[in-house]
Every structure is written in C-alpha cells, then in structure tokens.
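Structural characterization, general
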Amino acid sequence: MKAAVLTNYDKNGRKLEIREVEKPSPRENEVLVKIFTAAVNPLDNMIIRGEVKLIVPYSLPLIMGNEFAGQVEAVGSAVKRFKAGDRVYGRMPLSKIGAFAEYAAVEEGALAPIPDYLSYDEAATVPLTALTAMQAFEIMQPKAGESVFISGGTGSLGAMAIPIAKSLGLTVFTNGSGDNAERVEKLCVDRFIDYKKENYADVLKDVDYVLDTLGDRELPNEFKVLKKGGSLVSLRGLPNGRFAKRAGLSFLKQLLFGFAGRKYDKMAEAKGQTYDFLFVHEDGAQLEKIGELFSPERPLETSVDTAFSLEEVNEALDKVKQGKSKGKTILKIAEG
C-alpha cells in the first residue's frame, strides 16, 4: 500500500516520502480500516519537528497521520463492536499513528461509528477537536450551574466545546472576532465577547473553569478571570508535572515536565488554582458519545478548507503550517 512516511525529525520541517509499504494485518484486538480521508493538523507538523518526542517517542521511519475516517476491511479475532463494511472514524492511538496511508490497523477501542449524516470527508475533521473538548471537561469535572470561559471559541474547537459545555449545564463565555458572533451565539453561548470591542479580562471574573486555546500570551489574563480554586486546562501552554503524572510518564519525565511547566504552576498557585496541559489521546467511547450528543437536527459542525491527494501531503502540511485555513485541510486517500 502507499503511505506518507517520516524518515527523520527536523526542527525546520521535513518532507514526507510516499512509499510502498506492507499492508498491515490486524492483531486480535485491532480493526483493519481502509482509509478514505485523513485530516491534516498542526500536530502533524509538531511531530515532524520533533516537538512531541518527550511525550511520545516514536521510532522512525514513521507512517504519519493522526485523524481519519474510513471503512472496516477486516477485524481481529477478539473484536466485538465492528464488522467488515462499517463506517468508522477516530484519532489514531498515540502509540501507533499512521492515518496517512491507504490502510491502518487500529485498536478497536480507538474507533467509533460515523454518524449517518456525515460524509467521510466531514467525519475525518471531527475526532481530534471532539476528543479534545471531551477530555478537557473530563479533567475539569464541572458541575451543572458552574461557568467556563473558552478562549478563542469561534473555531472548530469552540463548535464542539460550547455545545458539550451546555449539555453539562454550564454557563459558557467565549471571545473572538465579531464576524463570528452570530454563528457562535447559535450554539447557545451565554456571552460572546468581541475582542475588538472588549477585553474579556475586563468583563469576566470568578469563572469556575477556563479552556485555554491561546497559550502563553493570554494565560496571565485567563488566570485573572478564573476564580480562587478554579481549574484551567490548556491546549497551548507547556506540559507540567500534573500532565506527566496523569499520562503515566516515567519519574524522570515527571521531573522534566514539572520543571518545564513550573511558570504556569506558580501562576495557578497564587490563588489556589490548578493548571493542566492536555495532549489528546484516542478514545472511541468518548467519540461515540459525541455522535449521540449531536443529532441530525443539531449536527456536528464540520468545515473542510482544502482537499489534497495523498501524493500532495507535503503541500497540505505546508498549508496547515501557514495557519490560514478556514476549516480542516484533508487528504482524500480513496473514494468512499
């Protein structure tokens, strides 16, 4: 089969090679998936640059790709939930990525059925953002009646996180460009803050939780609006010791990440708050809950910017690197 392969890490980025590799055979707990569409994400460029080696030390050469949609080709002897012909999507297991290929053998537990109303192209854009939102709230453990600020919630993550937060009974605040206000308000956000007119740090206070999507430059303000004892989960800050312990990393890595994230831990400690970094992992059960939460009447919001072929993977990675996409960049690997 054809696959896009990383041969060496390169901090400046490196071109992937299209290679003919052996088609995988599923182990007893794996599903062989014929990949129809894979999404291209900033995470893929981070892996190429070697920025996640301390979290996940991949061996090279490595078939790249983290997010996909496809059809079950065959199943291992212990697989119970899927059969040949099923439409499935997922985030590749952290320990074994490889969505930029014609086939992938994926652990059963990483997969979920694709909602009937989604095409393969649409479905491939969902897993990472959906699981990110679910896992952020899993860390927070919010209660109905509490509040959350989702920074920069006008993008694909906000389209997932806002409805999930509302389903949990939370009061939801977010900010972004006023051009997106109407679309975000349709998601039932309780307050939208146009960053060109107001600074959220001046109008919000004592929020129970913050979901950070902006990173270092905004974290001081996000801690400012967070109540004493509140919880902040970041997608863009640095890993810390709490993350390393939660991820089951070695004692040495817990020390290293504890040192790396101490700046944010100190910000949090000033008001008895907590800081958690999130690196999203595979979870088919959580993804299936997403499919149940978003009905055909209130469907998952998806957006595809540009479609490339597998052979054009490097052009797709370059486009994502530029950060100007208005939706997901995808690789159409086969027609489904």
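Residues numbered from 1 in each chain as written. Predicted model: local features only at pLDDT ≥ 70, side-chain atom pairs only at ≥ 80, totals over all residues. Heavy atoms only, no water.

Per an unreviewed UniProt entry, the protein chain carries the name GroES-like protein and comes from Oribacterium sinus F0268.

**Some remarks on the packing of aromatic side chains**
Selection criterion: To pair, rings of Phe, Tyr and Trp, with the six-membered ring standing in for Trp, must have centres within 6.5 Å; the planes then decide the type, stacked if under 30 degrees apart, edge-to-face if over 60, and tilted in the middle. Labels follow the DSSP assignment, with helices taken as runs of H or I lasting at least four residues and strands as runs of E lasting at least two, numbered in each case from the N terminus. Residue exposure (1.4 Å probe, protein chains only): buried if accessible area is under 20% of the type maximum, exposed if over 50%, otherwise partly exposed. Over a ring means this: the NZ of a Lys or the CZ of an Arg is within 6 Å of the ring centre and within 35 degrees of the ring normal.
Taken as a whole and judged by the stated rule, the model has 5 aromatic pairs. Judged by centre distance (5.1 Å) and plane angle (45°), the ring pair of Tyr-264 and Tyr-275 falls under tilted. Taken together, the residues span a long stretch of sequence, with Tyr-264 in helix α10 (residues 262-269) and Tyr-275 in strand β14 (residues 274-277) at a distance of 11 residues. Summarising the burial analysis for this pair, Tyr-264 and Tyr-275 share the class buried. An aromatic cluster of at least three residues, connected via ring pairs, comprises Phe-243, Phe-257 and Phe-277. Positioned above the aromatic ring of Tyr-120, the side-chain terminus of Arg-87 is 5.1 Å from the ring centre.

**Here's the deal with the sheet that holds strand β12 (residues 207-212)**
What counts, and what does not: Two strands make a pair as long as DSSP finds a minimum of two bridges between them. Axes, fitted as lines to C-alpha atoms, cover a helix only where it is in contact. Angles between the N-to-C directions of the axes lie from 0 to 180 degrees. The contact criterion used is simple: two residues touch if any of their non-hydrogen atoms lie within 4.5 Å.
Spatially, 6 strands are ordered β11-β10-β9-β12-β13-β14 in an open sheet, and the strand pairing comes out parallel. Unpaired on one side and paired on the other, β11 (191-194) and β14 mark the two borders of the sheet. Adjacent strand axes in the sheet meet at a mean angle of 15° when their direction is disregarded. On top of the sheet, helix α4 (residues 156-167) reaches β9 (147-150), β10 (171-176) and β12; it is set at about 165° to β10, its chief contact.

**Re the pattern of salt bridges**
Convention followed: Each reported salt bridge corresponds to a side-chain nitrogen of Lys or Arg within 4 Å of a carboxyl oxygen of Asp or Glu.
The tally for this structure, following the rule as stated, stands at 20 salt bridges. Taking the shortest distance from any N to any O, the salt bridge between Lys-23 and Glu-73 comes out at 3.8 Å. Here Glu-73 lies in strand β5 (residues 67-75) and Lys-23 lies in the loop between β2 (17-20) and β3 (30-40), a separation of 50 residues in the sequence. Among the residues examined, Glu-73 registers a relative accessible area of 35% and is labelled partly exposed. Each member of the salt-bridge network shares a partner with another, and the members are Lys-15, Asp-318 and Lys-321.

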